[in-house]
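# Survey of secondary and tertiary structure
The lines below spell out each chain.
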Amino acid sequence: MGSSDSKLNFRKAVIQLTTKTQPVEATDDAFWDQFWADTTTTVQDVFALVPAAEIRAVREESPSNLATLCYKAVEKLVQGAESGCPSEKEKLVILNCTRILTRILPYIFEDQDWRGFFWSTVPGAGRAGADEMDEDEGARPLAESLLLAIADLLFCPDFTVHSHKRGPDSVESMHSIDSCEYIWEAGVGFAQSPPLNYIHDLNRTELLRLLLTCFSEAMYLPSSSDNSVLNPWVTFFCSTENRHALPLFTSLLNVVCAYDPVGYGIPYNHLLFSDYREQLVEQAVQILIVTLEHDGGGPHRPPSPSSIEEQEATGPENLFVNYLSRIHREEDFDFVLKGLARLLTNPLTQTYLPNSTKKIQFHQELLVLFWKLCDFNKKFLFFVLKSSDVLDILVPILYYLNDARADQSRVGLMHIGVFILLLLSGERNFGVRLNKPYSIHVPMDIPVFTGTHADLLIVVFHKIITTGHQRLQPLFDCLLTIIVNVSPYLKSLSMVAANKLLHLLEAFSTTWFLFSTAQNHHLVFFLLEAFNNIIQYQFDGNCNLVYAIIRKRNVFHQLANLPSDPVSIQKALQRKKGKTPDVISRTSSQETVSMEGSHPAVPAEPGTLKATLVAMPGIDKLTEKSQVSEDGTMVSVPKKDPSLCADQSAAAGTSDTESNSGRDNEDVFYTEAEMERRRLSSASSTSCWAPSQDWVLSWKCKLPLQTIMRLLQVLVPQVEKICIDKGLTDESEILKFLQHGTLVGLLPVPHPILIRKYQANAGTAMWFRTYMWGVVYLRNVDPPIWYDTDVRLFEIQRM
């Protein structure tokens, strides 16, 4: 039968399904076989030949026909999983049923009345080969039969895995097969690399696409603050009921981390052959991130190292999370980290030899996977920070942040990048690693500098704050928290980075900015805390920063003498009205020299789709304070009672971000559009909040300025004297003097180092769920699995 004939027959069957007023009997095989028996259709054909309107029409007008179509398709998959698909014809039936179910499932999920359909047991249905099955097996809900069949089919010799058959007669029975011997790729816990077979890759990809569609029921439920609502499809698939859970988890992880988009080591090779592995890797990483959801909203981490053993014994219910959290061999960590770093760096290397490697598009999924690895497996996090390999993750993240800063459709990417850096910055080793010189120059439109990875981080953060779009404002707290967390360990900042930090302080401490919202003063506190950390713990190598502070000393004097009388407050706010709505002046210190080969960040093209996100919790919900004691260990600082905050924090020289955060009572679960509306309405109606004299005085007295004022008091006269004596205008002489200067005994007693460590909470868990499903929705465009269905977890907006 020609391809066009079979498409015609398939189309006829679809039309019959919608026009038949009488329900078609499940036993009418002649009718049902038209959907999968002889058709040579691709998944794209199925999407074209089964229009959305017709699926909805069958759902409304002939519900029993839709139900029977689903049963029969699942039944065929169950039969194929039983038989092991020995013939080409059976393989074709399996693929066709897989495509049809992928097309139909989203329309089942979008209708509340149908959502339970796959979880009901219907007499006689799913009893394919009931004589071989136990009676209770026959009564499985359709969803379970479907998921177990997909799992079996993913390890089906000569269909999705390389057969181990020895002779022509030996048959591998699907029942007795040990799928751990059929893991798809060498890597974690598996040494052999099976021969590449693009047909197997294609078949796996189709089955994984159906699996992802099964899991996507999550998209049709509105985002809620109740994080303990588990996805029943994921819960069942990742439970002990699935005997292939371990080999499948291992296969997915290894396929992703072993993938080399270069075309297996030969530049330009990808232009010569179609890379089926890439599609498989994309589906694999998407399956991984949506299955690695932890049950419940509670923290899943053991409270103390001593209880790790018992935690591992019981472990989380979700086996994928369980296996991920139990990986522990150094060589496995190395394989995973090197693989993720190679893939994250891929879009950057494009620029050296254009088109020499295939440019991958799934870096957002990789970042979520890296996040989950660090979050669920603390040993992995420590491994990452043990060597400078962490910088191979840092540099691509900074590249993506810089690249996406002007594009509102990529605000989710900005968040996940910043979260990962916040998580890493809570560990001392991260700050220490940043001192490594930055020599490989990735093409970014940032000022040229000679320095370390810490300088790169500061320069990129400054660029995001001063030239990013409005929606990034909620991230400023996070960006500065990261700088504060690493500041005690930074041995020597370059002049470029030092000037950037002072430019931020200058911008954030203008009166119109300080008085325009209830939170803006926190940004000044964070910067002062970072300066104090560097001066008190790393004074010796930081003459550039000390010089920059001396040059900009008036900023500190103005802060110390900040006016708080009502007239001055009003004047400052009047000035604000005259300003552009942009947060911070774009004119920045020496921003003229850009890096060669750089390209400025561009906003999204018109028509780009973006998925909305729920709002992020404020920094005080995202982090908990830990104090670094003398021996370098961390002790968590109890949250203070807001009523008695003033004296303590002033003494410790820390910002008191908790007390008057103003975010405390704000519900976390707003879509971004809602947040934007709230922001605009709060800006227009001053009734909500207005700066008062008492309010200014309440935090002004806590500004941790003592250390810097003392430094200026001691050094400014000395520097001025040198200038007069030597008639100096040359800053290198002054820097030389500062380099050899010392303030021992002249500064206040160093305050304890405070680190704000990321802490898991229901708000971030919900944010991750909406973000990753939004990414999955937008990335699956060929075929467009969910396009134009009624998703509720987020809104799809056109830019």
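The text that follows walks through the structure, step by step, so that each part is easy to find. (Residues numbered from 1 in each chain as written. Predicted model: local features only at pLDDT ≥ 70, side-chain atom pairs only at ≥ 80, totals over all residues. Heavy atoms only, no water.)

Turning our eyes to something else, we now look at the overall build of the protein. Scanning the protein for helices and strands turns up 35 helices and 5 strands. By the burial criterion, 56% of the 799 residues in the protein qualify as buried. Across the protein, every contact between residues at least 6 apart in sequence was considered, and the portion connecting residues at least 24 apart equals 80%. Only carbon and sulfur atoms are counted for the fraction: they give 55% of the accessible area of the protein, which is about 32,900 Å². (Helix = DSSP H or I, 4+ residues; strand = E, 2+ residues; numbered from the N terminus. Buried < 20%, exposed > 50% of the residue type's maximum accessible area, 1.4 Å probe, protein only. Contact = heavy atoms within 4.5 Å. Areas by Shrake-Rupley, 256 points an atom, 1.4 Å probe, with all protein chains shown as cover.)

Here we take up the packing of aromatic side chains. Taken as a whole, this structure holds 39 aromatic pairs when the rule is applied. When the ring of phenylalanine 10 is compared with that of phenylalanine 35, the centres are 6.1 Å apart and the planes differ by 85 degrees; the resulting orientation is edge-to-face. Residue phenylalanine 10 is found in helix H1 (residues 3–19), and its partner phenylalanine 35 is found in the loop between helix H2 (29–32) and helix H3 (43–49); the two are separated by 25 residues along the sequence. Arranged with centres 5.6 Å apart and planes meeting at 45 degrees, the rings of phenylalanine 333 and phenylalanine 383 form a pair that is tilted. Highlighted residues: phenylalanine 333 in helix H15 (residues 330–349) and phenylalanine 383 in helix H17 (residues 378–386), separated in sequence by 50 residues. (Phe/Tyr/Trp six-rings, centres within 6.5 Å; stacked < 30°, edge-to-face > 60°.)

Further remarks concern the nonpolar core. Core analysis: the biggest nonpolar cluster contains 249 residues, and Phe35, Phe118 and Leu421 have the highest contact counts within it. For leucine 421, the contacting residues outside a window of four places in its chain are Leu394, Ile397, Leu398, Leu401, Phe430, Leu457, Phe461 and Ile482. (Core = buried A, V, L, I, M, F, W, Y, C linked by side-chain atoms within 4.5 Å.)

Moving on to the pattern of salt bridges. Counted under the stated rule, the structure contains 33 salt bridges. Salt-bridge contacts for glutamate 110 lead to arginine 56; the nearest nitrogen and oxygen are separated by 2.7 Å. You can see glutamate 110 sitting in the loop between helix H6 (88–109) and helix H7 (135–138) and its partner arginine 56 sitting in helix H4 (residues 52–61), a full 54 residues away along the chain. Look at the salt bridges and you will find they share partners, linking Arg56, Arg59, Glu60, Glu110 and Asp111 into a network. (Salt bridge = Lys/Arg side-chain N within 4 Å of Asp/Glu carboxyl O.)

The strands making up a sheet associate through hydrogen bonds between their backbones, and the pairing can be parallel or antiparallel. Taken together, 3 strands build an open sheet; the order of strands is S3-S2-S4 and the sheet is antiparallel. At either end of the open sheet lies a strand with only one pairing partner, and these are strand S3 (634–636) and strand S4 (753–758). For this sheet, the mean inter-axis angle between neighbouring strands, taken without regard to orientation, is 40 degrees. Two strands pair when backbone bridges link them, and strand S2 (residues 623–628) and S3 are joined in this way by 3 bridges, in the antiparallel orientation. Residue pairing for S3: valine 628 is matched across the bridge by methionine 634. (Pairing = 2+ DSSP bridges. Axes fitted to C-alpha atoms, helices over the stretch in contact; angles between N-to-C directions.)

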